Amino acid sequence: MNVTPRNQLASTPFDAWAVLEFWSRRWRWLAAWTLIMACVGAFAARSVWKKTFTSTSTLIHYEPSSIDDTYHPRDISTPSLVVMLQAPGLFEEVGSHLKPAMSAKQLSMRLSVNLDRNNDVVTVTAMSGTREEAIDIVNRFSFAAINYTQVMQKQEAIEAGENVKRQLAGVEQEITTTRNSVPAKDKAAVNALTSSAEAAQQPQSDLPQRIRLAREQLDDLLTRYTDAHPLVLAQRAELNALEDQQKANPAAAAPRPATEAVSPMIYGRVTPEEIAMGERLRSLETNRALLISRQRAIQPFREAPPGYFRVLLSADANPTPMRRYRLEIILFALLGGFLGLCGSAAHILLSEFLDNRIKTRADVRRVTGLPLLATLGDLRKMTPGNRDQWAFRAWTALQSKLSISPNHGMVVGITSANTSDGRTTWVNLLSSAASACGFRVLTITAQPSEEMNAELAKNEKVKARKDSAKEIPAGSDNTTSLTTSVLSTPGQIVDKLTSAECPPVVSIPLPGWVWNLERRRQWRAALEAWRAIDHVVIFVELPPASLAESVLLAENIPNLIWLCDSNKSDSEETLIELETLRDASCNLVGAVLNRERGTPVRGQFGRWLGSSALLLALGLGVCATPARAAVVAQPSASQEAQNAENPGQFSAAESHQRDPWQDKLTLGPGDVLTFHLYGSPELTREEVPVGPDGRISYLEAQNVLADGATVDELRDRLDTELSHYRRAPQVFVTPVAYHSKRYYVMGTVVKKGVFYLDRPTTVIEAVARAKGFETGVYDGDTIEATDFSRSFITRNGRRLPVNMEKLFLHGDLSQNVTLQPNDYVFFPPSASGEVYVLGFVGAPGPVPFNSDMSAISAITSRGGFAPGAWRTRVLVIRGSLDHPKAIRVDVDSALLGNAPNLALEPGDIVYVSNRPWLLGEELLDRAASAFVESAVVTWTGLNVGPDIISRPSSP
């Protein structure tokens, strides 16, 4: 229904509007798949996250007490106990008693044990599908945990009791042996001495107390360190020494002053050997009493161990909240809907990409390569008035493009690729509009020959006629059909069209035949005769372009229009047929689109979508950082195109890409680190440098390799080394300074040397950190002392393709690359040579060389050309004196931009010679001056002199 405006720009073959169009046409598929995938996501989330009940109980660390100080259970810290409670064996035991039974892995996923380090309270939390099961899991685990610690204490008490029992048996055996070794006559004295020593009640030895303290210290060290730690080894050696001392000399525990309490009468009746024997028996009796007391203290822990935990708050007393996971289900439903929407949209998009049919105006322009003259929508949705309006607009558009003037007739042929593309509809509508505008209209309907008809599908022909009959009713009163013999007698049609009773539309059906040369001549002659009629419009409905008759007929038609049927015409077939028509030298003037689908999306949103996008862009620009907005000036068009292809940045912080060395930042010699051990702030070591060998030491971890490792890898290595000496160590590594990554800047910079690559750095930043470039003074002016044309950057032994001239002289930030470790940047001096300017110049002499020097600039620096200089043939001599190379420079052409301005190199000689015809110029100049002077004198003598002589003198 639309007519393409004359000044309409050719749209792209595939744009955002086209995507929105075919998505909007298939919105039902999008909605259906979105709903289906949303339901699938919700069902999957519902099956994974069912409603759960959370039950908790609280356990508190309990420190059991003993009857006396001779024995008490080992003191284990609460974090160690929590780790023990998470043993797989305990989970397996608890899971086997549940209904239904669970494995240790399943139970660990539902049960969690957390410690509050502030008050030694352990919280046991379990999640399950029912409230009863959650409470049962928590209660069973709590009582199993208490029973687990009780069994641990009982086993420890049994081992301690067996040890004491063995020691007591040894002491009993030793007492019996000692008593049996005393002669019968001396037993009374020994017994009296022993009883007298016991009665003295001297203080006992402190050896057992020292052994007990040593054992306690060893247990405390074992909770923090492993058996390989030096402190554990030293404490264990001390304990073994005390135990060996006790076993080797039990009597040493008794103090020697006890013998002083013995009565002098006894010394008078017993010998020293008897006194020693009595001391030994007394010591053995004391040890036996201590062991018996220790057995009494151990016995309660063997019979009823209290354990290390008590239930502070049971699961029955705590509330059991229920969680429904509604948010997770909603999120998964939204995710499923989004995936369904994206998947269906991608499927539709892929199907459209693979579809080879012509559908839109852009497809017509892209495939045919012809201008789009007009489009027609669905006639079934158009009223007769709308049809007439469309026909008038389409006729006006065709007349403005194909006719010489608005009142001049024309000949138009319409063809297409298929039989039912709507050619008859277009011819009928356009002929009606032309007739309404006052033109004589002749329509010619060409049909294929019988041989070609047999090849075509009969049903296609019937369908084409039915479609034509539906769209434009046949048998119109304005149409008059003639016989087909008029092709050989074209004058019959001329008389018909020029008569006063000429009908609005004259229609000629041309039957198909095999076209020979004679028939084509008749067709050409008839067409020329009909075109000669004033104000006549001829519409020729050609057969499909795949038939030979259509191509042969189209050769003689001045204006040929290609018709595409939307969603039916194949692009590959269209290209083949159009190529055939072009090979036949047919004048294809344009294309039309039939049955074009509407564009509701473009029509509804096209008015304000562009404004919204502009407002959004302005909003994003306002929200941008002021620094970024203030940095960039207005570049030229060439610079904008260059920056679009090669974007650059002043600072590496503006780049969104990271180099490989930044993705995995490794440590090396010279880096400074700080180490901290979790839970032990007193063991913090600050500003520890990595050694030249790339190794580092911290606490028991000695000579750990840090070179080439990241911070996380070094932390893991330290944890591994310290785990041989400490329980569950956690080391925190904090970098203080990075000195292992370096780059080098040498040459004509103010501050040369080695720089630390402690942050991403570009070439411009490296020059800035080197305090800029050195400068020199020449003729009172400050000049750059750097030759940017020979400056370079090397990396891993290779030179990078960086153009320093573009970067520092032309501001091309695409050359501002980011440096990497061990990069070498070198800026050579430009004063490494001179350029000599000789000949006809203002001041011949040397000129210091710089990287941007040319022949014109060198001549200008020495005062420019002298009078008589040969400007079009300046010689530049380059190379050694043995093999010089002369280069001619046309300065005048270079100034006009017609010749290149030669760039000079150090050591070049620029020679400006005089013009070879300079003497001739001077002679001609003198001759012309003499001629002019003689001519003036002669003329003056002939004209001015006589007049002065003949003029009378004044009175």
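Rules used throughout
- Residues numbered from 1 in each chain as written.
- Predicted model: local features only at pLDDT ≥ 70, side-chain atom pairs only at ≥ 80, totals over all residues.
- Heavy atoms only, no water.
- Helix = DSSP H or I, 4+ residues; strand = E, 2+ residues; numbered from the N terminus.
- Buried < 20%, exposed > 50% of the residue type's maximum accessible area, 1.4 Å probe, protein only.
- Contact = heavy atoms within 4.5 Å.
- Areas by Shrake-Rupley, 256 points an atom, 1.4 Å probe, with all protein chains shown as cover.
- Pairing = 2+ DSSP bridges.
- Expected span 1.5 Å × (residues − 1).
- Arc of directions from axis to C-beta.
- Core = buried A, V, L, I, M, F, W, Y, C linked by side-chain atoms within 4.5 Å.
- Phe/Tyr/Trp six-rings, centres within 6.5 Å; stacked < 30°, edge-to-face > 60°.
- Lys NZ or Arg CZ within 6 Å of the ring centre and 35° of its normal.

J.: I tried to follow the overall build of the protein on my own but got confused; where do I start?
T.: Within the protein, the secondary structure is distributed over 31 helices and 30 strands. Burial statistics for the protein: of 955 residues in total, 39% are counted as buried. Contacts spanning at least 24 positions in sequence make up 72% of the contacts within the protein whose residues lie at least 6 apart. For the protein, the exposed area adds up to about 53400 Å²; of that, 56% sits on carbon and sulfur atoms.

J.: What should I look at first to understand the pairing of strand β1 (residues 52-61) in this one?
T.: The side chains of a regular strand alternate between the sheet's two faces. Where burial is concerned, most of β1 is hidden: seven out of the 10 residues are buried. Here two bridges tie β1 to strand β5 (residues 322-323), and the two strands are oriented antiparallel to one another. Residue pairing for β5: F53 is matched across the bridge by M322. With eight bridges joining them, β1 and strand β3 (residues 121-128) adopt antiparallel strand pairing. Pairing of F53 across the sheet is with S128, part of β3. Examined bridge by bridge, β1 and strand β4 (residues 309-313) share four bridges and lie antiparallel to one another. Across the sheet, residue L59 finds its bridge partner in β4, namely V311.

J.: In this structure, what is going on with the side chain of T710? I would like to understand it.
T.: Along the chain, the position of T710 falls in the loop between β17 (701-705) and α26 (711-722). For T710, a relative accessible area of 13% corresponds to the buried category. Excluding residues that lie within four positions of it along the chain, T710 makes contacts with K664, L665, T666 and L667.

J.: Even after reading the chapter, I still don't get helix α2 (residues 27-48), so can you show me in this structure?
T.: One turn of the α-helix equals 3.6 residues, which is why residues spaced by three or four share an orientation. Look at α2: 31 Å from first C-alpha to last across 22 residues, which is about the 32 Å you get at 1.5 Å a residue. Those residues of α2 that sit buried are L30, A38, G41 and A45. Looking down the long axis of α2, one finds its buried residues gathered within 65° of arc, a one-sided arrangement. For α2, exposure combined with an orientation more than 90 degrees from the buried face picks out R28, W29, L35 and F43.

J.: Explanation requested: the nonpolar core in the structure shown.
T.: A general trend in soluble globular proteins is that nonpolar side chains are found buried together. W530, I538, W562 and L581 are the most contacted members of the largest nonpolar core, which totals 36 residues. Per-element accounting of this core gives the leading share, four residues, to helix α19 (residues 517-531). Once residues lying within four places of it in the same chain are set aside, the contact partners of I538 are M410, V411, V412, L442, I444, L527, W530 and R531.

J.: Any chance you could explain the packing of aromatic side chains here in plain terms?
T.: For any pair of aromatic rings, the description consists of the separation of the ring centres together with the inter-plane angle of the planes. Under the counting rule described, the total for this entry stands at 15 aromatic pairs. Each ring, one from F788 and one from F808, has its centre 5.3 Å from the other, and the planes form 20°; the classification is stacked. With F788 in the loop between β22 (781-784) and β23 (792-795) and F808 in helix α28 (residues 804-808), the pair connects residues that are 20 residues apart, well separated along the chain. Judged by its relative accessible area of 25%, F808 falls in the partly exposed class. Taken together, F773, F788, F808 and F827 form an aromatic cluster joined through their ring pairs. Positioned above the aromatic ring of Y62, the side-chain terminus of R310 is 4.2 Å from the ring centre.

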